[in-house]
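The primary structure of each chain is shown beneath.
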Amino acid sequence: MLRARGYDIAPSERDADVVLLNTCSVRDLAERKAVGKMNLLAHLKGRKPELVLGYMGCMAQSRGAALAEKQSAVNLVVGTQRFHRVPEYLDEIFARDGGDAIVDVAEESGSESTIKDHVLGTNGDRQVAGFVSIMQGCEMYCTFCIVPYTRGSERSRPIAEIVEEVRRLVEEGVKEVTLLGQIVTSYGRKEIRKKNGKSAFVQLLEAVNEVKGLERIRFTAPHPKGFGDDLVQAYADLPKLCEHAHLPVQSGSNRILKAMNRGYTREWYLRIVDKLRAAQPKIAISTDIIAGFPGETEEEFEQTASLMRDAQFDQAYIFKYSKRQDTPAADMPDQVSEKEKECRNQVILEILNSGMARMNQKLIGQTVEILVEGRSEKAGKRMFGRTRTNKIVFFDGSERHKGELLPVRIERATTITLYGDIAIHNL
Ligand code: 5AD
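Residues numbered from 1 in each chain as written. Predicted model: local features only at pLDDT ≥ 70, side-chain atom pairs only at ≥ 80, totals over all residues. Heavy atoms only, no water.

Peer 1: Give a detailed account of the nonpolar core, specifying residues and quantitative values.
Peer 2: Ranked by size, the top nonpolar core spans 71 residues in total, and within it I134, F219 and L276 carry the most contacts. When sequence neighbours within four positions are dropped, the list of residues in contact with F219 reads T178, L179, V184, F201, L205, F227, L231, Y235 and L241. Counting 17 residues, the second-largest nonpolar core is a separate cluster that includes L21, L41, A68 and V77. (Core = buried A, V, L, I, M, F, W, Y, C linked by side-chain atoms within 4.5 Å. Buried < 20%, exposed > 50% of the residue type's maximum accessible area, 1.4 Å probe, protein only. Contact = heavy atoms within 4.5 Å.)

Quick look at the structure:
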């Protein structure tokens, strides 16, 4: 939107006239990072008073005017449903020289349709993988989570509009799309009726699967409860749907799952894992874990550790429970100490790492398809790509491989990293 008005992306924040921080509120650490970053930017502004600074995203939504009151260098605070107004607010700020910060955290109907016209890449660079917002909001009300309060109620874009956007991305060279939303498995449940036993989300996957030239479909973030038989079957039926399912379990204890308001049990969850593996034997499964939810006892934590061993995840994101203001869990008794949370986090991480090391070793010698995304800053500046199972593989290649689907043979593996060579095919 800003580019359409003649703005350009600055090579560094020192050269910028406007710096907008997009923020996350899911955990306290993310919020502290954003505040710290804004303090650094305020320093910059000390030397360049005309610099315009703004907060966007979930933290802007939940804290609103308080952010500008605490940090006087801030000119703009725009919440999650109003980001499309940023260009006009900037005009206003530039027009009037100084004055109070503009704060807009209002709701807006139809805001789910405002994330479009993606700017691909930062320097006119060709982008290989694209993101398409399909819905916003969440009404699951997990007791630890702030998202229902920062993102509002669930609302979805129509299937035809999403398919059209995917088509445009493909025309621009994109081969893989990730369908985005706070809770994508709830997609369209208010707006679109089930058809032949298929949920709106599965109908959407089928429609996107039909887009010619598109190679791969991913989605995030889902809820395990959304993995009905129709979605499980989609992994068997839809060739473009990547063999990867993110199934955030959070805990392996039924009492804790109930206290979290997750709506499933450990047994139910493990059955979904089994069903997915039966439908698509190559599927990789990843998860999210919260260590030290209020009231979690040693035995209950042990249930999570045992679930980690039982489920054999390909990847897991492990978080120490973080108190979020105005969520039900924040006021629950028996909050777990920081030290204990750290310790539990470490135990889960070790189980994950030993499992991943074993799985990665098994991949050595196999040939897998990767979509080449570009050159890495790390790993000896090798080129890298992602497998359909969402694993990153580094290889010696050249820029011209970017955007290609390549077969690579896995030659070497560390706990978390895979190295491969381009496999010569058709021989
Ligand atoms: N504390 C710790 N982790 C959290 N998550 C969400 N809210 C919290 C919280 N208050 C984690 C969950 C979720 C992921 C996106 O972030 O594991 O799946």
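Peer 1: Hey, could you go over the packing of aromatic side chains for me, with residue numbers and the actual values?
Peer 2: Per the counting criterion, the structure on display carries nine aromatic pairs. Between the aromatic rings of F384 and F394, the centroid separation amounts to 6.2 Å while the plane-to-plane angle is 50°, which identifies the pairing as tilted. Taken as a pair, F384 in strand β14 (residues 383–387) and F394 in strand β15 (residues 392–395) lie far apart in primary sequence, 10 residues in all. Each of the two residues, F384 as well as F394, counts as buried. In this structure an aromatic cluster arises from ring pairing among Y264, W268, Y269 and F313. In this structure, R412 packs its charged tip against the face of Y419, placed 4.1 Å from the ring centre. (Phe/Tyr/Trp six-rings, centres within 6.5 Å; stacked < 30°, edge-to-face > 60°. Helix = DSSP H or I, 4+ residues; strand = E, 2+ residues; numbered from the N terminus. Lys NZ or Arg CZ within 6 Å of the ring centre and 35° of its normal.)

Peer 1: Go over the environment of R400 with me, naming the residues and quoting the values.
Peer 2: The topology assignment puts R400 in the loop between β15 and β16 (405–413). Along the chain, R400 and V372 lie 28 residues apart, while their C-alpha atoms are 9.6 Å from each other.

Peer 1: Please give an account of the environment of V74 that cites residues and values.
Peer 2: For V74, the position within the fold is in the loop between α3 (65–70) and β3 (76–78). Classification of V74 by relative accessible area gives buried; the value is 5%. Separated by 35 residues in the primary sequence, V74 and N39 have C-alpha atoms spaced 9.8 Å apart. Every residue in contact with V74, bar those within four places of it in the chain, is listed here: M38, L53, Y55, A68 and A101.

Peer 1: Quick rundown of the sheet that holds β14? Include the residues and the values.
Peer 2: With mixed pairing, five strands are arranged side by side around a closed barrel as β13-β14-β15-β17-β16. Shown here is a sheet whose adjacent strand axes are inclined to one another by a mean of 55°, direction ignored. Here strand β13 (residues 367–375) pairs with β14 via five bridges, running antiparallel. If you follow I370 over to β14, its bridge partner there is T387. (Pairing = 2+ DSSP bridges. Axes fitted to C-alpha atoms, helices over the stretch in contact; angles between N-to-C directions.)

Peer 1: Can you lay out the site of the ligand for me, pointing to particular residues and giving the numbers?
Peer 2: Surveying the vicinity of the ligand reveals the residues V26, R27, F144, Q250, D288, I290, F319, K320, Y321, S322 and R324. In this structure, F144 approaches the ligand through a main-chain N or O atom, which is 3.0 Å from a nitrogen atom. Q250 is positioned such that a nitrogen or oxygen atom in its side chain is 2.6 Å from an oxygen atom of the ligand. Protein contacts shield 86% of the accessible area of the ligand, which totals 400 Å² for the unbound molecule. Residue assignment for the shell around the ligand shows that the elements contributing at least two residues are β11 (284–291) and β12 (315–320). Among the residues making up the shell around the ligand, the classes are represented as five nonpolar, two polar and four charged. (Near = heavy atom within 4 Å. Polar contact = N/O pair within 3.5 Å; in protein donor to acceptor, adjacent residues only side chain to side chain. Areas by Shrake-Rupley, 256 points an atom, 1.4 Å probe, with all protein chains shown as cover. Nonpolar A, V, L, I, M, F, W, Y, C, P; charged D, E, K, R; others polar.)

Peer 1: I'd like a description of the side chain of Q61, backed by residues and values.
Peer 2: By the secondary structure assignment, Q61 is in helix α2 (residues 58–63). By relative accessible area, which is 16% here, Q61 ends up buried.

Peer 1: How would you summarise the pairing of strand β17 (residues 418–422) if you had to cite specific residues and measurements?
Peer 2: In terms of strand pairing, β15 meets β17 through three bridges, oriented parallel. By the bridge assignment for β17, F395 is matched with G420. Two elements, β16 and β17, share five bridges in a ladder whose sense is antiparallel. Along β17, the bridge assignment pairs A413 with L418. Between the end of β16 and the start of β17, which pair antiparallel, lie four residues.

Read these as layout, nothing more, since geometry by itself doesn't imply function.
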